[in-house]
Amino acid sequence: MRTTGRRRRNLEGMTTTTPTEMSTLAETARQMTSGGRGVLAADESIKTMSARLEAEGIPAGDVTRRDYRELLLTADGLPDSVSGIILSDETFGQELSDGRPFPLAARELGILPGIKVDTGTTPLPGQGGALITEGLDRLGTRLASYAGRGAAFAKWRAVFDVTTTNSYVARANAHALARYAALCQEHGIVPIVEPEVLCNGDHALAVSAETTGLALASVFEELDRAGVDLTGIVLKPNFVTPGLDAPAIPAGDVAAATYEVLLDTVPAAVPGIAFLSGGHPTADVCAFLSDLIAIPERPWHVTFSFGRALVSDALRTWAGAPANVAAAQQRLLDNCRSAQSS
Ligand code: 13P
């Protein structure tokens, strides 16, 4: 295991949580990312989920959004591949058709319930359209409520575009991520720390590597300053790839570039890394993950926390018809198994 100076400082500087709380957080983070299982991201906002339903010809409303999330969670065998599910605030407060609240139903299945707590992005003034993620106001109160209702972990997504990210943009987003992460740990919730470098565009692999490196270095600097214990977080980064409109490269090259950036920036104290899929096709992200997992002596557990790569086929197959539920669930399970056996 690589031990960086940053890691040593973090372990020594741990002040905000007791040893018992930390061992629980560390155990949860390990549970989420090890054993060949990964985290299902089903936390689209009401606006995004409604748009995705409507794109498949399904009327959008709280009931169809609930039915779709129920279809995902209750797929028979899902807990074999999935350790945790990220829910939106709406779903977290909804009940399955049998009356059980979603967080309780997930726990009964052996799947840890998580909650997306950021409230989305807005332009950062004076930064050419770069975005900052919002949601820190009253976050402590909200986390206390989610913890009381069974949340094991949370998620906050910062978004970086390769054309607008500079050190100030990286620092501002990293600062918000660190404040969120420290608050989560104070409430006994494992923070998923998600700095996503978008892959739209035609940029080269090296551009993604540079922006991802800047974002991750800023994140770990701010987590350190905020006193966040790295043993109780899960990192959710993008794969380092050329832009989606640039010529594709072999999966092994993506895995090697991603590993190089991670090794440079992510302390070995982090127990697990769960990748987002970012709009890449399912087969591609499974290949990237497979090649990364094959790298020997990695310092961290590595797994998936895909959204679209796992669920898009299921949504299309379901099309809102009760008769299609079983077939849709099978599509979800097939994709989870592909990601798992990567
Ligand atoms: P995708 O895998 O669809 O990128 O979603 C993951 C996620 O949680 C984005 O915040």
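Since this is a predicted model, take the numbers as computed values, not measurements.

Criteria and cut-off values
- Residues numbered from 1 in each chain as written.
- Predicted model: local features only at pLDDT ≥ 70, side-chain atom pairs only at ≥ 80, totals over all residues.
- Heavy atoms only, no water.
- Near = heavy atom within 4 Å.
- Polar contact = N/O pair within 3.5 Å; in protein donor to acceptor, adjacent residues only side chain to side chain.
- Areas by Shrake-Rupley, 256 points an atom, 1.4 Å probe, with all protein chains shown as cover.
- Nonpolar A, V, L, I, M, F, W, Y, C, P; charged D, E, K, R; others polar.
- Salt bridge = Lys/Arg side-chain N within 4 Å of Asp/Glu carboxyl O.
- Helix = DSSP H or I, 4+ residues; strand = E, 2+ residues; numbered from the N terminus.
- Buried < 20%, exposed > 50% of the residue type's maximum accessible area, 1.4 Å probe, protein only.
- Pairing = 2+ DSSP bridges.
- Right-handed = clockwise from strand over helix to strand, strands pointing away.
- Contact = heavy atoms within 4.5 Å.
- Expected span 1.5 Å × (residues − 1).
- Arc of directions from axis to C-beta.
- Axes fitted to C-alpha atoms, helices over the stretch in contact; angles between N-to-C directions.
- Lys, Arg positive; Asp, Glu negative; His and termini not counted.
- Phe/Tyr/Trp six-rings, centres within 6.5 Å; stacked < 30°, edge-to-face > 60°.

**Quick word on the site of the ligand**
At step 1: Taken together, Ala41, Lys155, Arg157, Glu194, Lys236, Leu276, Ser277, Gly278, Ser305, Phe306, Gly307 and Arg308 are the residues near the ligand.
At step 2: Here Lys155 contributes a side-chain N or O atom positioned 2.5 Å from an oxygen atom of the ligand.
At step 3: At 2.7 Å from an oxygen atom of the ligand is found a main-chain nitrogen or oxygen belonging to Gly307.
At step 4: For the ligand, whose accessible area on its own is 300 Å², the fraction buried by protein is 92%.
At step 5: Of the residues belonging to the shell around the ligand, the class tally is three nonpolar, four polar and five charged.

**Digging into the pattern of salt bridges**
Any two side chains of opposite charge can pair if their charged atoms end up close together.
At step 1: Using the criterion set out here, one finds 18 salt bridges in the structure.
At step 2: With a shortest N-O distance of 3.0 Å, Glu44 and Arg69 are connected by a salt bridge. On the criterion of sequence distance, the pair formed by Glu44 in the loop between strand 1 (38-42) and helix 3 (46-55) and Arg69 in helix 4 (residues 62-73) is long-range, its members being 25 residues apart. Comparing Glu44 with Arg69, the two get one shared label, buried.
At step 3: With its nearest N and O atoms 3.6 Å apart, the salt bridge here joins Glu221 to Arg225. Residue Glu221 and its partner Arg225 are both found in helix 10 (residues 205-225); the two are separated by four residues, about one turn of the helix.
At step 4: Accessibility expressed as a relative area gives 56% for Arg225, which makes it exposed.

**Thoughts on the pairing of strand 6 (residues 153-160)**
At step 1: Burial analysis of strand 6 places seven of its eight residues in the buried class, the great majority of the element.
At step 2: Where strand 6 meets strand 7 (residues 190-197), eight bridges bridge the pair, whose relative direction is parallel. Within the sheet, the bridge partner assigned to Lys155 lies in strand 7 and is Ile192.
At step 3: After leaving strand 6, the chain enters helix 9 (residues 167-186) and then returns to the sheet as strand 7, a path that is right-handed.

**A few points about the environment of Ile115**
At step 1: With respect to the element layout, Ile115 can be found in strand 3 (residues 112-116).
At step 2: Considered as a pair, Ile115 and Ala154 are 39 residues apart in the sequence and their alpha carbons are 4.7 Å apart.
At step 3: Apart from residues lying up to four places away in sequence, Ile115 is in contact with Ile86, Leu87, Ser88, Asp89, Phe92, Tyr146, Ala151, Phe153, Ala154 and Lys155.

**Let's talk about helix 12 (residues 282-293)**
At step 1: When the terminal C-alpha atoms of helix 12 are compared, their 16 Å separation across 12 residues agrees well with the 16 Å that a helix rising 1.5 Å per residue should span.
At step 2: Among the residues of helix 12, Thr282, Val285, Cys286, Phe288, Leu289 and Leu292 are the ones counted as buried. With its buried residues spanning 160 degrees around the axis, helix 12 presents them on a single face.
At step 3: Buried residues along helix 12 sit in contact with helix 11 (251-265), strand 9 (272-275), strand 10 (301-304), helix 13 (308-318) and helix 14 (325-340).

**A few points about the sheet that holds strand 3**
The strands making up a sheet associate through backbone hydrogen bonding, with each pair oriented either parallel or antiparallel.
At step 1: One open sheet holds the eight strands; their spatial order is 1-2-3-6-7-8-9-10, and the pairing between them is parallel. On the outer flanks of this sheet lie strand 1 and strand 10, each paired with one strand and no other.
At step 2: In terms of strand pairing, strand 3 meets strand 6 through three bridges, oriented parallel. Its bridge partner being in strand 6, Lys116 is matched across the sheet by Lys155.
At step 3: Along the sheet, helix 12 makes contact with strand 9 and strand 10, crossing strand 10 at roughly 170 degrees.

**What to know about the pairing of strand 3**
At step 1: Burial analysis of strand 3 places five of its five residues in the buried class, which makes it a mostly covered element.
At step 2: Alternating residues of strand 3 divide into Leu112, Gly114 and Lys116 and Pro113 and Ile115, and every residue in both groups is buried.
At step 3: With four bridges joining them, strand 2 (residues 82-87) and strand 3 adopt parallel strand pairing. Paired with Ile86 across the two strands is Gly114, which belongs to strand 3.

**So, the side chain of Arg37**
At step 1: With respect to the helices, strands and loops of the structure, Arg37 is situated in the loop between helix 2 (19-33) and strand 1.
At step 2: For Arg37, which is buried and forms no salt bridge, the nearest opposite charge comes from Asp80, at a distance of 6.7 Å.
At step 3: Within the structure, the side chain of Arg37 is placed 2.7 Å from the backbone oxygen of Pro79, a separation counted as a polar contact.
At step 4: For Arg37, the contacting residues outside a window of four places in its chain are Met32, Pro79, Asp80, Ser81, Val82, Ser83, Gly110, Thr303, Phe304 and Gln340.

**Here's the deal with the packing of aromatic side chains**
At step 1: Counted by the stated rule, this structure contains eight aromatic pairs.
At step 2: Judged by centre distance (4.2 Å) and plane angle (5 degrees), the rings of Phe239 and Phe275 are stacked. Of this pair, Phe239 sits in the loop between strand 8 (234-235) and helix 11 while Phe275 sits in strand 9; the two residues are 36 residues apart in sequence, bridging distant segments of the chain.
At step 3: Among the residues examined, Phe239 registers a relative accessible area of 4% and is labelled buried.
At step 4: We classify Phe275 as buried; its relative accessible area is 0%.
At step 5: Between the aromatic rings of Tyr259 and Trp300, the centroid separation amounts to 5.9 Å while the plane-to-plane angle is 75 degrees, which identifies the pairing as edge-to-face.

Geometry only, nothing functional implied.
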